[in-house]
Protein chains: 4
Amino acid sequence: MHFASDNWAGASEPIMQALSRHSTGFAPAYGEGDLCDAIEARFQDLFETDCAVYIVATGTAANALALSAVTGPGGTVFCHQDAHIRVDECGAPEFLTSGARMWGLEGRHGKLSPATILSGLEQVPHGVVHHGQPNAISLSQSTESGTIYSLDEIKALTTVAHDNKLAVHMDGARFANALVSLNATPAEMTWKAGVDILSFGATKNGAWCAEAVVIFNKDYAKDFIYRRKRAGHLFSKMRFSAAQFEGYFENDHWLENARHANSMAAKLVAGLQDSNTTRSAWASEANEVFAIVPKSSAQKASASGANFHQWPTNGLHPDDQPNDDEYLIRLVCSFSTSQEEVDQFLALIKS
Amino acid sequence: MHFASDNWAGASEPIMQALSRHSTGFAPAYGEGDLCDAIEARFQDLFETDCAVYIVATGTAANALALSAVTGPGGTVFCHQDAHIRVDECGAPEFLTSGARMWGLEGRHGKLSPATILSGLEQVPHGVVHHGQPNAISLSQSTESGTIYSLDEIKALTTVAHDNKLAVHMDGARFANALVSLNATPAEMTWKAGVDILSFGATKNGAWCAEAVVIFNKDYAKDFIYRRKRAGHLFSKMRFSAAQFEGYFENDHWLENARHANSMAAKLVAGLQDSNTTRSAWASEANEVFAIVPKSSAQKASASGANFHQWPTNGLHPDDQPNDDEYLIRLVCSFSTSQEEVDQFLALIKS
Amino acid sequence: MHFASDNWAGASEPIMQALSRHSTGFAPAYGEGDLCDAIEARFQDLFETDCAVYIVATGTAANALALSAVTGPGGTVFCHQDAHIRVDECGAPEFLTSGARMWGLEGRHGKLSPATILSGLEQVPHGVVHHGQPNAISLSQSTESGTIYSLDEIKALTTVAHDNKLAVHMDGARFANALVSLNATPAEMTWKAGVDILSFGATKNGAWCAEAVVIFNKDYAKDFIYRRKRAGHLFSKMRFSAAQFEGYFENDHWLENARHANSMAAKLVAGLQDSNTTRSAWASEANEVFAIVPKSSAQKASASGANFHQWPTNGLHPDDQPNDDEYLIRLVCSFSTSQEEVDQFLALIKS
Amino acid sequence: MHFASDNWAGASEPIMQALSRHSTGFAPAYGEGDLCDAIEARFQDLFETDCAVYIVATGTAANALALSAVTGPGGTVFCHQDAHIRVDECGAPEFLTSGARMWGLEGRHGKLSPATILSGLEQVPHGVVHHGQPNAISLSQSTESGTIYSLDEIKALTTVAHDNKLAVHMDGARFANALVSLNATPAEMTWKAGVDILSFGATKNGAWCAEAVVIFNKDYAKDFIYRRKRAGHLFSKMRFSAAQFEGYFENDHWLENARHANSMAAKLVAGLQDSNTTRSAWASEANEVFAIVPKSSAQKASASGANFHQWPTNGLHPDDQPNDDEYLIRLVCSFSTSQEEVDQFLALIKS
């Protein structure tokens, strides 16, 4: 019963097969081989545009390098106060941007709104040297709270951003989970909705370590090859990353993986609701469930081998808070979560 | 006929098998699983000491992060003027150390000497704020010229370094090739000879992307987990890297790979010498051969599909220079170089 | 009527005299002359301890360099959400620390409390690589809200900090104003109360541009000369800074300047209270007054040549808020604020 | 007898007078007052162009910030191997550029040539990610060897730079000394000759601490106000710097100071030549003299109170070397060097 994180899973079969397929023979290093070219073209097909694609291997690298491309000296990025870039990347965005600030904004269920961005701009407006310069917003899709921005919500955010000369970054660590949940195309969820630069994650959805910075607004692609290399993120045997993407995209494998993870999460939610003692804390819209459960049940489930994280509740809206006998816990499903695990966990937590 | 670089090869069979073996099931992320613990212990066994081990995935990351651990504000690292860290890493060492300088020193065949280090210390002595502070030396084993430091040479360098309060970093991108050439133990070639911190490379010798920073002087390990994460180099599915090391070390696979690569290089040298028109420019001591060949032969070989790099000759000792009708070329052998390729290439280049 | 900031004033007479006195003749550059030695000794006398003293010329440099000395990779500094280091230094602390985060904490009237520091440690605890490492707290004395920490309050903060392995930085841009207000000695307000490192400001209190990083815990002084120079903050003709400090300290000139500024602020407060329409928003404890005044009065005063800043009210406690017809304004007094200016301003704002 | 450096002098009389003149009263902080505007206009008049002007207070800040404006990720600046930015600024350029490399090139008497720049471009060409990107050249006028580039030499360098997409930075720490030596206008020696960005130094020529980054190619001025502030180099009481420039430029005071310093240097040269035992090592073209003198004479002069630096000779052309009984020494004259000091020194050194 592994619900600690989707990165506890390994690599899915088609990805391993692609890796094996490309493991022999010689190929130019540093991304100059045919496979890497093919993967770049594959991204362009998928996104229906002539985007620039830079493969990296961790989500933190993708985010921090992307943000370094859209920020300047004294720069500020507006993001949700719970955003991964602000709280979970050990200052990598600050370091690789040479000091830009990740400016946390409030918002229920992990989501930014046009109003909070405007409030951020009141704190860090354009043209005041002491405050530095506002450069970008970063939104996570799906969010760190397992929710999703609708296409209209994304457009509303990107409109207020662009109206105020802010670039738009999307942290797509769980891009596929959001995509299948919205039933949108990659283009619709990104550049057609105003996203300038995307951290496209495959790792949490079945790859070993495959991420890409996808740049729709090519102004931000200038010098990116040097940014990546300067931070030690250019791989010599790049085909190992490209091969992962080959397996990932083949036969819509990535969408299938995401659909599976999301459906397991939905089963968790349904099972939790079907009880007087447990419930979903708020709507689960992708592959993460935030649940409120009796402390005793959580402890028992944990003792019986279930892996999950108790989640901090500071900053939470009062309506979303557990009571004193309850915990807020996070449950994450992945491509390899099984129905059996879900059933077993629900039985434990509800008993 | 692929002699461009050892990173044009893929992943060797035992490494792919280990990857497959560990691709299913769940494991704690970010290096906290059993496999990662086992690999750390394996390193400690191999090096016969309680070293600290930090897995990363590129040699540039290993080098730059290692150097960030041994340098301070205004820091200087003395290295050979052809060192990878100085000329081939796009400023990653400078960036990840927040501005340390890689101070290039002269030396024939890619090697530093105690005298050149002392000359470096004359230029950047201790205690002069304008010059910054000298912090470390970095030596590549094997060197960028395909040569090797003997154990005594390493000891002589580390002695002058420590006598002058300089840490000793070894860039071991081709550690295994040097090790089998010296017929030494990992301990003998590192901490027993005075090395404080090592970039241990497996990628060029059969892995996909497996490198490790191995720290013998634990003073330099302080904060290293934060250094790695802050630069985006902590992998969530770390077992991907650990599995590669499992396959790498099993049954001395890594030494076998290195021996094969070195022997192929030796065959190239022997073949080149057995001709009036071609020769090894200087002694090849590991898996790289620097050869002087007629321009016409090089062009013909190239046209016939042989991959190799023409090598720059500026800075070369006059005795090592090709004449006007010749090129200096670099030929690199890997675990997957075949005898057939070698023979085919020699036939072409000598015809 | 200049109440915009204490840095709108020029240099006081004794400081100009000291500058003139030292403007002729030759002296070793870069702080190695006798005058610089004497100033260092003067600081040690004043602080009654063998502190390390590094002169710089801007408060931002003092703060950012001091913080760079107490933070490590992925570091976090807990500070008030309105702290100058977080909102008014254009990311200099983030840049010069190579990416440490200034973690804003709430607190009425610009003050941290032990409880808020502990809440910060819940968000960024020790030992979690994703969150980075908590390294320090920074408190401003006097605060950005014109209030002052008592000696007991400082001790309570430094105790909780040291208990949790956090260094203590004090931003003393208005050190003298706080000191005379508390009627404490420099030692009592700093190291005797647990402060490890201090940004000592003289600029706002009568100097042209004289600041110093004073380090009580000498562990943090390691490499500081390189930190200062590496950021371009070592002055060749350092005696111009030292001379300013000579004039500053002579005959308690600095304390006299601060007393004057504080007393002018007190007169402002008294005058404001003596009216039905205007008031001090909260207690003014040094040389800054935060006043609530009718919008119409503020506009009239402004039109009549009074300089002051309207102050943002977001984040303010409800009890501290102006109503819809009022503004919150900030009024800063300096050594050169005159009784006439104060009277003239009060007459305008109350009319 | 002070010949150690021109920064051992204090501030000249007109500069102190301007400071006094502006020390009273109130003025907007951070460079927004009338005086600062006037100084900017004065620079534009002097340079006969609409340049952007950013006042800072150290030459290291001017250089490092200027270089940060013309370099990108993985950037490289070609400079003379003895350039101040490479050897005497404690890594400030590397730090404030986030890791650009100062690439030292050879050249007799401190001067770059088009050929050495082209050789630099062979080592760090455009478009090779491993080598990073070549961004700029930096030339010092006058040079660190006391020599001067003619206008034609500057043009030749800037032409080869621009032909190769390199920005041109001039380190003008001793700008005035070069200017009066060439008898050129500021415009002729900078933008008319192809200079894009200038570090304009006044400190060594009579100011306390007044430097400016003057940007002729406005593309490089983007974000500069944030660069300056982010590094802690925006002064609150900026009029302090502006006043120095007012005094500096008034009545051609700066040119007079420089002419005096240069003439004292010329007298030193003449005196040295007028002896069998001492001589100028190479042509002194500004205010610095590199002299070859008997060791015994140097020691005696030193013992008698003469201040000067013995100069390192490594890297020197054989024809410029002292013999075994001689030292190479550097003698620097300033606006406050007197004829008496020169005579006294010559008498000592030649006796």
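Source: prediction; values computed, not measured.

So, the domain arrangement of chain A
Residue and element names in this part refer to chain A.
Line of reasoning, step 1. Domain boundaries assigned for chain A yield domain 1 (12-251) and domain 2 (253-350).
Line of reasoning, step 2. On the domain 2 side, the residues contacting the 29 residues of domain 1 number 23 residues.
Line of reasoning, step 3. Carbon and sulfur atoms make up 54% of the surface buried where domain 1 meets domain 2, a total of about 2,100 Å² over both sides.
Line of reasoning, step 4. Three residues stand out in domain 1 for area buried against domain 2, namely Arg 108, Asn 177 and Val 180, and they jointly supply 24% of the buried area on that side.
Line of reasoning, step 5. The partner of Arg 108 in a salt bridge is Asp 320, and the shortest N-O contact between them spans 3.0 Å.
Line of reasoning, step 6. Inspection of the domain 1/domain 2 interface yields 16 residue pairs in polar contact (both at pLDDT 80 or more).
Line of reasoning, step 7. Secondary-structure elements contributing two or more residues to the side of domain 1 that touches domain 2 are α1 (13-21), α8 (175-182) and α11 (239-249).
Line of reasoning, step 8. Among the elements that line the side of domain 1 that touches domain 2, the one with the most residues is α8, at six residues.

Looking at the packing of helix α2 (residues 34-47) of chain A against α11(A)
Residue and element names in this part refer to chain A.
Line of reasoning, step 1. The geometry of α2 relative to α11 is characterised by a closest axis approach of 9 Å and an angle of 40 degrees between their N-to-C directions. Taken together, the axes of α2 and α11 lie oblique to each other. Taken as a pair, α2 and α11 cross one another with a handedness that is left-handed. Residues Leu 35, Cys 36, Ile 39, Arg 42, Phe 43 and Leu 46 of α2 form the contact with α11, whose own contacting residues are Arg 239, Ala 242, Ala 243, Phe 245, Glu 246 and Phe 249.
Line of reasoning, step 2. Split into classes, the residues belonging to the contact of α2 with α11 amount to nine nonpolar, no polar and three charged.

Structural notes on the UniProt feature "domain: Aromatic amino acid beta-eliminating lyase/threonine aldolase" (unreviewed entry) in chain A
Line of reasoning, step 1. Here, UniProt's "domain: Aromatic amino acid beta-eliminating lyase/threonine aldolase" (unreviewed entry) annotation points to residues 3-281 of chain A.
Line of reasoning, step 2. As annotated, residues 3-281 of chain A comprises 42% helix and 15% strand, and the C-alpha atoms at either end are separated by 16 Å.

Quick look at the sheet that holds strand β9 (residues 288-294) of chain A
Residues and elements named next belong to chain A.
Line of reasoning, step 1. Pairing in this open sheet of four strands is antiparallel, and the strands run β8-β9-β11-β10 from one edge to the other. Every interior strand has two partners, whereas the edge strands, β8 (279-280) and β10 (309-310), have only one.
Line of reasoning, step 2. Note: β8 against β9, two bridges, orientation antiparallel. What sits directly across from Ser 280, in β9, is Ala 291.
Line of reasoning, step 3. Here helix α12 (residues 253-273) sits on the sheet in contact with β8, β9 and β11 (326-332), set at roughly 25 degrees to β9.

The rules behind each value
Residues numbered from 1 in each chain as written. Chains lettered and ligands numbered in written order. Predicted model: local features only at pLDDT ≥ 70, side-chain atom pairs only at ≥ 80, totals over all residues. Heavy atoms only, no water. Domains from an automatic or database assignment. Contact = heavy atoms within 4.5 Å. Buried area = accessible area lost by both parts, 1.4 Å probe. Salt bridge = Lys/Arg side-chain N within 4 Å of Asp/Glu carboxyl O. Polar contact = N/O pair within 3.5 Å; in protein donor to acceptor, adjacent residues only side chain to side chain. Helix = DSSP H or I, 4+ residues; strand = E, 2+ residues; numbered from the N terminus. Axes fitted to C-alpha atoms, helices over the stretch in contact; angles between N-to-C directions. Parallel < 35°, antiparallel > 145°, perpendicular 65-115°, else oblique. Left-handed = near helix turned anticlockwise from the far one by under 90°. Nonpolar A, V, L, I, M, F, W, Y, C, P; charged D, E, K, R; others polar. UniProt positions renumbered as here; feature names shortened; annotations may be inferred. Pairing = 2+ DSSP bridges.

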